[in-house]
Each structure stands twice: as structure tokens, then as C-alpha cells.
Amino acid sequence: MHFIYNLGVRFYTLAITIAALFNTKAKQWVEGRKVDYKSQFLNLRSVQLAWFHCASLGEFEQGRPVIERFRSEFPNYKILLTFFSPSGYEVRKNYAGADYIVYLPADTPQNAKRFIDTFEPSIVFFVKYEFWRNYLEELHRRQIPTILFSSIFRENQVFFKWYGGFFRQTVSLLSHILVQNKNSAELLQSIGYQNITIAGDTRFDRVKQIADARKNIEIAERFKNNQEVF
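Cut-offs and rules
Residues numbered from 1 in each chain as written. Predicted model: local features only at pLDDT ≥ 70, side-chain atom pairs only at ≥ 80, totals over all residues. Heavy atoms only, no water. Helix = DSSP H or I, 4+ residues; strand = E, 2+ residues; numbered from the N terminus. Buried < 20%, exposed > 50% of the residue type's maximum accessible area, 1.4 Å probe, protein only. Contact = heavy atoms within 4.5 Å. Areas by Shrake-Rupley, 256 points an atom, 1.4 Å probe, with all protein chains shown as cover. Lys, Arg positive; Asp, Glu negative; His and termini not counted. Charge placed at Lys NZ, Arg CZ, Asp CG, Glu CD. Axes fitted to C-alpha atoms, helices over the stretch in contact; angles between N-to-C directions. Parallel < 35°, antiparallel > 145°, perpendicular 65-115°, else oblique. Nonpolar A, V, L, I, M, F, W, Y, C, P; charged D, E, K, R; others polar. Phe/Tyr/Trp six-rings, centres within 6.5 Å; stacked < 30°, edge-to-face > 60°. Lys NZ or Arg CZ within 6 Å of the ring centre and 35° of its normal. Patch = residues over 30% accessible without salt bridge, like charges linked within 9 Å, V, L, I, M, F, W, Y side chains within 5 Å. Salt bridge = Lys/Arg side-chain N within 4 Å of Asp/Glu carboxyl O. Left-handed = near helix turned anticlockwise from the far one by under 90°. Polar contact = N/O pair within 3.5 Å; in protein donor to acceptor, adjacent residues only side chain to side chain. Pairing = 2+ DSSP bridges. Right-handed = clockwise from strand over helix to strand, strands pointing away.

Draft legend 1. Summary view of the overall build of the protein chain. Secondary structure assignment for the protein chain yields 11 helices and 7 strands. Principal-axis analysis of the C-alpha atoms places the extent of the protein chain at approximately 65 × 45 × 40 Å. The buried share of the protein chain, reckoned over its 230 residues, is 45%. Put simply, of all contacts in the protein chain between residues at least 6 apart along the chain, 62% involve residues at least 24 apart. When the accessible surface of the protein chain is split by element, carbon and sulfur atoms take 54% of a total near 13400 Å². Averaged over its 30 positive side-chain charges, the protein chain has a centre that lies 3 Å from the centre of its 22 negative ones.

This is the structure in C-alpha cells:
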């Protein structure tokens, strides 16, 4: 199954590379991964680094409250932020809350080893739905704490099917999972995974952040004249 998974990743990468000839988003996906991480990030060996990975922009918004709280609580850490999709990277590539922002290379064994060799994270956080097997295996082998948060699981997912053994093994590589609800925790327990905390959905934290940071706009205040506005 691992062989089939790796083959699938390579076919996906090939398909995106071909699509890049005609599609702007696919071209961004390919071009963004041509960075020579090893030469660009030479001086990281002595740095304590926390790596946050988000698939796209929606996952970033879920991860943002945690990134910012982590920076506040652990100011000595540098923060690496990675994205899978251009719709996340292109919008947030200048986000001031992270020290390094890059695309995550495709999940091959070689890329995983090279990427982790370069950045040497002390701790890793994946947001919601990220189960990149080769990265998780490499992190687990190096005993680097790897946490999935704001995650949600449903009974119809492959982890809970009779044929989902490979994917259950992938979940077991995570050090800890913070789930959104009790049902998710019970589903994970049903497949033997116990390192679980029910922590809710960080989207609510992000919405509260936005509400707390709101500014009064004079023309809008005059327009609504103390009335409710929809």
C-alpha cells in the first residue's frame, strides 16, 4: 500500500506539472516548489523552530490563532509556515506572524527527508486534515512531536473502514490529536488511538479575534444610526 501511495503522489505531481502548461494555479503550484530550500535556509541549525502546515487559506484561518498564541507564549522559537495550495500561499506569503513561509514539497520519501533535514523543526503542527505519510514517518522516526489540531473525524472516512489499515497506521504516527468534538474522539478510540484532546474548532477563536479587532467606521456608524443592520 505504501508503494501505491508513493506512486499516486508521483502521478499527481506529474498531472499538476502537465496542467501547469495551461492553468495558472497549477503553474503556481509547480513554480513555487522550485525553491532550493537547502541553499536558501542555511543558518537554521541553531534555531528552535516550530513548523505549522496548512493545506490552504481556510486551514490557515483555523491555524492562525494557534500560531499567534504560540509566538506569544514561546518568543524564542522561529515559525515556519507551509502551504500545499497556491490559494493559501499566494494570499499569505507575506504574513508577518511567521518567519519563513514556503510551499510544502510533494510527499515523497526523498522530499520529506530533505525538507526536515533543512529546517530541523523542534515541534510540528498540522491543521485539520493533513496526513502526509512520508513526512509523518520521517518526523516519527526522528521523535519530533507532531500534533494535529482542529481536526474532525466522521464514520464514513477511510480510517474507519475494514480496508483502511494503511491510513490507520498513518494516524498512529501523530503524537497527539486535538479534535473538535466528542464523536471524533470516540471514533479515534475505536481504532486504538488514545492521544486525544477535545479542544473545539479554532475557527471560533479566529472569528472572535476579528470581532475584537474591529474598528468603527464613521460613515457606517452615521448610516446605521444606532439601528441593527443586516
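Draft legend 2. Structural view of the packing of helix α1 (residues 2-19) against helix α7 (residues 133-141). Viewed as axis vectors pointing N to C, α1 and α7 meet at an angle of 120 degrees, and their least axial separation amounts to 10 Å. Here α1 is positioned oblique relative to α7, judged by the angle of their axes. Contacts between α1 and α7 pair H2, Y5 and N6 from the former with R133, N134 and E137 from the latter. Class assignment of the residues belonging to the contact of α1 with α7 gives a composition of 1 nonpolar, 3 polar and 2 charged.

Draft legend 3. Spotlight on the packing of aromatic side chains. Here the structure, examined in full by the defined rule, presents 27 aromatic pairs. Seen in terms of ring centroids, F115 and F119 are 4.8 Å apart; in terms of plane orientation they differ by 45 degrees. Their pairing is tilted. With F115 and F119 both in helix α6 (residues 109-119) and 4 residues apart, this pair spans about one turn of that helix. Each member of the pair, F115 as well as F119, carries the same accessibility label: buried. Each ring, one from F153 and one from F159, has its centre 5.6 Å from the other, and the planes form 70 degrees; the classification is edge-to-face. Here the aromatic cluster, defined as three or more aromatic residues joined through ring pairs, consists of F52, F70, F74, Y77, F125 and F149. The ring of W29 has R33 lying over it, and the distance from NZ or CZ to the ring centre is 3.9 Å. One residue, R33, lies across the ring of F84, its end atom 5.3 Å from the ring centre.

Draft legend 4. Structural detail: a nonpolar patch on the surface. Together, M1, F3, I4, L7, F11, L14, I18, L21 and F22 give the surface a local cluster of nonpolar side chains, amounting to about 1100 Å² of exposed area. Along the chain, the position of M1 falls in the segment before α1.

Draft legend 5. Structural context of the packing of α1 against helix α2 (residues 24-31). For the pair α1 and α2, interaxial distance at closest approach is 8 Å and the crossing angle is 120 degrees. Classified by the interaxial angle, the pair formed by α1 and α2 is oblique. For the pair α1 and α2, the sense of crossing is left-handed. Residues Y12, T13, I16, T17 and A19 of α1 pack against A26, W29 and V30 of α2.

Draft legend 6. Spotlight on the environment of D212. Summarising the element assignment, D212 is placed in helix α10 (residues 202-212). For D212 and K182, which are 30 residues apart along the polypeptide, the C-alpha to C-alpha distance reads 28 Å. In terms of polar contacts, D212 uses its side chain to reach the side chain of K208, at 2.7 Å.

Draft legend 7. Molecular detail of the sheet that holds strand β5 (residues 146-151). Sheet architecture is open: 7 strands sit in the order β3-β2-β1-β4-β5-β6-β7, paired in parallel fashion. A strand with exactly one partner marks an edge of an open sheet, and here the two such strands are β3 (100-103) and β7 (196-198). Each strand of the sheet is rotated relative to its neighbour by a mean of 20 degrees, with strand direction disregarded. Across 4 bridges, strand β4 (residues 123-127) lies against β5 in parallel orientation. Note that in β5 the partner of V127 across the bridge is F149.

Draft legend 8. Main features of the pairing of strand β1 (residues 49-54). Of all 6 residues that make up β1, 6 are buried, and the element is covered over most of its length. A two-sided burial pattern is seen for β1, the buried positions comprising L49, W51 and H53 on one face and A50, F52 and C54 on the other. Inspection of the sheet shows β1 paired to strand β2 (residues 78-83) by 6 bridges, in the parallel sense. Considered in β2, the bridge of A50 is made with I79. As a crossover connection, the stretch from β1 through helix α4 (residues 57-73) into β2 is right-handed.

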